[in-house]
Amino acid sequence: MPDDKLIWPARLHHLNLTSEDPQPLVDWYSRALMMEPRGIAKGETWLRGKDRHLIISDGPKGGLKYAAYTLENEAQLIRLRNHIREKDIAVYPSPSPLMEDSAFMIADPDGNQFVLGICRETAVTPQMLPGRLQHVVFRTTDISRLVAFHSSILGFRVSDVVKEENGEVTATFMRSDPEHHSLGIFRASETGLDHFCSESTSWNDIRDWGDHFAGCQIPITWGAGRHGAGNNLFIFVADQDGNNVEISAEIEHWTFEQEPREWLHEQRTLNLWGSAWLRS
Ligand SMILES: [Fe+2]
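The shown structure was predicted, so the numbers you read here are calculated from the model rather than taken from an experiment.

In this section: the domain arrangement of the chain. Taken domain by domain, the chain consists of domain 1 (2–117) and domain 2 (132–270). Between the C-alpha centres of domain 1 and domain 2 the distance comes to 18 Å. Facing the 45 residues of domain 1 at the interface are 44 residues of domain 2. A combined buried area of about 3900 Å² lies between domain 1 and domain 2, and 68% of that area is made up of carbon and sulfur atoms. In terms of surface lost to domain 2, no three residues of domain 1 exceed Trp8, Trp28 and Asp110, which account for 18% of the buried area on that side. Connecting domain 1 to domain 2 are three salt bridges. For arginine 11, the salt bridge goes to glutamate 179, with nearest N and O atoms at 3.8 Å.

Evaluated as defined, the whole model comprises three cavities of 30 Å³ or more. In this structure, the largest cavity spans a volume of roughly 80 Å³. Along its surface, the largest cavity is lined by Val162, Thr170, Ala171, Phe186, Arg187, His265, Glu266, Thr269, Leu270, Leu278, Arg279 and Ser280. Among the elements of the structure, β11 (169–175), β12 (183–187) and α5 (267–270) are those that each provide at least two residues to the lining of the largest cavity. In this structure, the second largest cavity spans a volume of roughly 70 Å³.

Moving on, we get to the pairing of strand β9 (residues 132–140). Burial analysis of β9 places nine of its nine residues in the buried class, which makes it a mostly covered element. In this structure, β9 lies alongside strand β13 (residues 192–199), joined through seven bridges in antiparallel fashion. By the bridge assignment, valine 137 is partnered in β13 with histidine 195. By the bridge criterion, five bridges tie β9 to β12 in an arrangement that is parallel. Note that in β12 the partner of valine 136 across the bridge is leucine 183.

Around the iron ion, the protein contributes the donor atoms His135 (NE2), His195 (NE2) and Glu246 (OE), at 2.0 to 2.1 Å from the metal centre. Mapped onto the sequence, the residues coordinating the iron ion show the spacing H-x59-H-x50-E. Remark: glutamate 246 occurs in strand β16 (residues 244–249) and histidine 195 occurs in strand β13; sequence separation between them is 51 residues. The exposure classification of histidine 195 matches that of glutamate 246, with both residues buried.

We now examine the environment of methionine 34. If you trace the backbone, methionine 34 turns up in the loop between α1 (22–32) and β2 (36–41). Distance in space between the C-alpha atoms of methionine 34 and glycine 274 is 29 Å, their sequence separation being 240 residues. Leave out the neighbours within four places in its chain, and methionine 34 touches Tyr29, Gly49, Arg52, Met128, Leu129, Trp209 and His212.

This part is about α1. Of the residues making up α1, those classed as buried are Pro22, Leu25, Val26, Trp28, Tyr29 and Ala32. Looking straight down α1, one finds its buried side chains confined to an arc of 160°; they lie on one side. Positive phi appears at methionine 34, one or two residues downstream of α1, with a value of about 50°.

This next bit is on the packing of helix α2 (residues 74–86) against helix α3 (residues 143–154). Relative to each other, α2 and α3 sit at 125°, their axes nearing to 9 Å. It follows from the interaxial angle that α2 and α3 lie oblique. Seen from α2, the contacting residues are Leu80, His83 and Ile84; seen from α3, they are Ser152, Ile153 and Leu154. Classifying every residue of the contact of α2 with α3 by side-chain character gives four nonpolar, two polar and no charged.

This paragraph deals with the nonpolar core. In terms of nonpolar packing, the biggest core is built from 57 residues, with Tyr29, Leu116 and Val136 touching the most fellow members. Here this core takes six residues from α3, the largest share from any one element. Inspection of this core shows a minimum of three residues originating in each of domain 1 (2–117) and domain 2 (132–270). Residues within four places of tyrosine 29 in sequence aside, it is in contact with Leu17, Met34, Met35, Leu47, Leu54, Ile56, Phe196, Asp239 and Val245. Ala171, Phe173, Ala229 and Phe234 belong to the second-largest nonpolar core, a separate cluster that totals 12 residues.

Reading the values: the criteria
Residues numbered from 1 in each chain as written. Predicted model: local features only at pLDDT ≥ 70, side-chain atom pairs only at ≥ 80, totals over all residues. Heavy atoms only, no water. Domains from an automatic or database assignment. Contact = heavy atoms within 4.5 Å. Buried area = accessible area lost by both parts, 1.4 Å probe. Salt bridge = Lys/Arg side-chain N within 4 Å of Asp/Glu carboxyl O. 1 Å grid on protein atoms, 1.4 Å probe; cavity = no way out; pocket = protein on both sides within 12 Å on 5 of 7 lines; lining within 4 Å. Points joined across faces, edges and corners; volume = space filled by probe spheres on them. Helix = DSSP H or I, 4+ residues; strand = E, 2+ residues; numbered from the N terminus. Buried < 20%, exposed > 50% of the residue type's maximum accessible area, 1.4 Å probe, protein only. Pairing = 2+ DSSP bridges. Donors = N, O, S within 2.8 Å, 3.2 Å for Na, K, Ca; no water. Arc of directions from axis to C-beta. Axes fitted to C-alpha atoms, helices over the stretch in contact; angles between N-to-C directions. Parallel < 35°, antiparallel > 145°, perpendicular 65-115°, else oblique. Nonpolar A, V, L, I, M, F, W, Y, C, P; charged D, E, K, R; others polar. Core = buried A, V, L, I, M, F, W, Y, C linked by side-chain atoms within 4.5 Å.

As structure tokens, this is what we get:
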């Protein structure tokens, strides 16, 4: 039933990061993620890369103004908007210049803002290391409330759930198309952005990204490793403001119908190859 699929299929298209000092952050992404900066408004810069887009705005350091997902077509977007309105969730105009005019924005119970729309066509940019913006992960103090919202209001499908031995959930990975997760939610002592990730095409790309970061004198902060949940290869670096930026490859593909899987909250769940960075 297409009406049951809501956000399926959709992909993360861009993020709007905020910074108290945007220019060094723009310079960092231009160099480190090989993105082309373009001023689009006062205090707002669009960083354009091949299959990856960011907007950097004036605002709090480490903040995320919104995450924007692009849907398959206008009919799907209308069905999703109608469903959201039926649930009495407020719908706001989209602030994103990278989306068609039909896009709209909602806020989840933590105040994280999501733009849903159809991305505008953008000119092809020069070839660079592959890495399509693929998922974003939020920290929350109330994981069950956030997972319930994103499941029932937007229609994200739960892939992997990580639990303590006592059954308490510490992480949930959710998908909006066959890729294992395009949204993650981690239990933490505060709310906000945890990290975001660009998916490259192979292990060799991870090697090339590592060499590229080395050339930029940007140290790898976690990895190389392979996540248990999602089974993707990964490395992490930190940007100029301390935001965590992941490059991954080989993320698992799941069907729409596939039932959630459970993992124990332990190091191997986050890194099959070695030590993990456990947020809680
Ligand atoms: Fe990730």
